[in-house]
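Observations on chain architecture
What follows is each chain in one-letter form.
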Amino acid sequence: MVQFVNVDIERDRWGRPMILPANGGKRAGYRRTTTFIGALDDKSGLLGWKARTAASGMALRPDLVAAMSALDPDDKSGRGAIAEEAFESAGGNHARDIGSAIHLFTERLDRGEVAGKCFTGDIATRREPGCGELVADSADHAEDLDAYVAATSHIRWLAIESFRVHDDWKIAGTADRIGVDETDGGVKVYDIKTGSIHAGAVSMQLGMYAHMVPYDIGTDVRSPLEDGIDQSTGIIIHLPAGQGVCELVEVDIAAGYGACNLAVQVWSWRSKGKNLTHKVSAPRVSTWEKSNAAAPAPSWMSCAEAAVTVAEVRKIWVEAANVSALTDELRAVCTARVKILDATTE
C-alpha cells in the first residue's frame, strides 16, 4: 500500500493547492476537484436549504439578530460570518461533521493504526490497550464500522487518501481509496459516502481521480497512474451514518469523465466571458483580441484521452515517441484508453 508523508499542502488565498509543475518552475494554484466538477452542478437546491437553515438559526439566536442589525449593510465579511454561525447553530454542519468523523474512523482502520475491535467490539473490548480515546468517540457508530469492515473485506487497499493531480487541466484532489478487488483482480477508485448519493457529481469526481496521477505532497514527486486502473467503472462505498449498513455501488465514471471534458469548456467560457464587453467609445482592439484569442494547442495527454479509435491512440504514441514526449504518464493514459476502446467495441 502506498504511504505518503501526511503533511498539509500550501494553498493560495482562494484555497487552491499550490503544486510544483512537473517540468519545474514556480508553484501554481490547481483547482480543487470538487470545485472543478461543481461547474455542472445545479446548486439551487443546496443554496435554498442553506438559506432556510441559516434563517432557522437566526430565529434560535436573538444575539445574532442583534449583531446583524448593528453591522454596516456593506460589511459582507461580517454579515457572512454571522450567517455562517446561524447556519451552524441550526445544525447545518451536523451531517458533514458526522461524515468526516466516520471517514477518519475508516481511514485509521484501513491504515492499521487501530484494530477493528476498537470500533466494532463490545465495550469491554474497546477498553483494551491500543484503543484509547476511540472508545467513546466510535461507540455510536460501531454498527456502521462493522458494516464497513464486512463490505470491504475482499478489497486490498493500494492507496488511502491519495492526493492526485491532473496537470493538463491543473486540477488536484484526494481520492478516498484506490483498491484491488481480490475476487477479480480489478483496480478501481473507491469513494466513501455517508449521506445521499448524487450520481452525476460522483461519476465526474471518480472519473477525474481515475485519470489523475498520485502526487506526494511531502516531496512534490508524481507517481505513474496505477497499472490497470479501471477508467470505466468506479465504486461508491455507501455508508449512511447511523444505519449500520454498507453497500458497494458501481458508478459509470467513463460518462463522468466525458462530463469533465464539458466542465473544462465551461471554466474556459467563464474565463473568456470577462473579455466580452467594452465601452462603445473605448478602443476595441485589446478586448477583441482577448476574447478571440486562439485556444492553446492540445497536449499529448488530452489528445490521448479524447481519442475515439485504437489506431488514433497508436498514432499519438508513435508521434510522441518521435519527439521524446512519450512519458510514463502518457504511456499509462494511452494504455488505459486502448483498454476502454477495446471494451466498447466488443
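Residues numbered from 1 in each chain as written. Predicted model: local features only at pLDDT ≥ 70, side-chain atom pairs only at ≥ 80, totals over all residues. Heavy atoms only, no water.

1. Focus: the packing of aromatic side chains
- Taken as a whole, this structure holds five aromatic pairs when the rule is applied.
- Seen from their ring centres, Trp 157 and Tyr 190 are 5.2 Å apart, and the 85° between their planes marks the pair as edge-to-face. Highlighted residues: Trp 157 in strand β4 (residues 155-166) and Tyr 190 in strand β6 (residues 186-193), separated in sequence by 33 residues. You'll find Trp 157 and Tyr 190 in the same group, each marked buried.
- Between Trp 169 and Tyr 257, the ring centres sit 5.5 Å apart and the planes meet at 20°, which makes this aromatic pair stacked. With a gap of 88 residues between them, Trp 169 in the loop between β4 and β5 (171-181) and Tyr 257 in helix α11 (residues 253-272) connect regions that are remote in the sequence. The two residues Trp 169 and Tyr 257 agree in class, both being buried.
- Grouped by ring-pair contacts, the aromatic residues Phe 36, Trp 169 and Tyr 257 constitute a single cluster.
- One Lys or Arg, Arg 31, reaches over the ring of Trp 267 and ends 3.8 Å from the middle of that ring.
- The ring of Trp 267 carries the charged tip of Arg 270 above its face, separated from the ring centre by 4.8 Å. (Phe/Tyr/Trp six-rings, centres within 6.5 Å; stacked < 30°, edge-to-face > 60°. Helix = DSSP H or I, 4+ residues; strand = E, 2+ residues; numbered from the N terminus. Buried < 20%, exposed > 50% of the residue type's maximum accessible area, 1.4 Å probe, protein only. Lys NZ or Arg CZ within 6 Å of the ring centre and 35° of its normal.)

2. With respect to the packing of helix α5 (residues 94-110) against helix α9 (residues 142-151)
- With their axes 11 Å apart at the nearest point, α5 and α9 run at an angle of 45° to one another. Between α5 and α9, the angle falls in the class oblique. Handedness of the α5/α9 crossing: right-handed. Between α5 and α9, the contacting residues are Ile 102, Phe 105, Thr 106, Leu 109 and Asp 110 on the first element and Asp 144, Leu 145, Tyr 148 and Val 149 on the second. (Axes fitted to C-alpha atoms, helices over the stretch in contact; angles between N-to-C directions. Parallel < 35°, antiparallel > 145°, perpendicular 65-115°, else oblique. Left-handed = near helix turned anticlockwise from the far one by under 90°. Contact = heavy atoms within 4.5 Å.)

3. Describing the side chain of Thr 106
- Within the element layout of this structure, Thr 106 appears in helix α5.
- Within the structure, the side chain of Thr 106 is placed 2.7 Å from the backbone oxygen of His 103, a separation counted as a polar contact.
- Apart from residues lying up to four places away in sequence, Thr 106 is in contact with Leu 145, Tyr 148, Arg 177, Ile 192 and Leu 239. (Polar contact = N/O pair within 3.5 Å; in protein donor to acceptor, adjacent residues only side chain to side chain.)

4. Focus: the side chain of Glu 226
- Along the chain, the position of Glu 226 falls in the loop between β8 (221-222) and β9 (233-238).
- For Glu 226, a relative accessible area of 15% translates into the label buried.
- Contact partners of Glu 226, with chain neighbours within four places excluded, come to Arg 164, Ile 178, Val 187 and Pro 214.

5. Some points on the environment of Ala 321
- Following the sequence through the fold, Ala 321 ends up in helix α14 (residues 310-322).
- Note on Ala 321: relative accessible area 38%, which makes it partly exposed.
- For the pair formed by Ala 321 and Arg 331, sequence separation is 10 residues and the distance between their alpha carbons is 9.9 Å.

6. Things to note about the environment of Gly 207
- Along the chain, the position of Gly 207 falls in helix α10 (residues 199-209).
- You can call Gly 207 buried: its relative accessible area is 0%.
- C-alpha separation for the pair Gly 207 and Cys 260, spaced 53 residues apart in sequence, amounts to 7.9 Å.
- Residues contacting Gly 207, with those up to four places away along its chain left out, are Ile 253 and Tyr 257.

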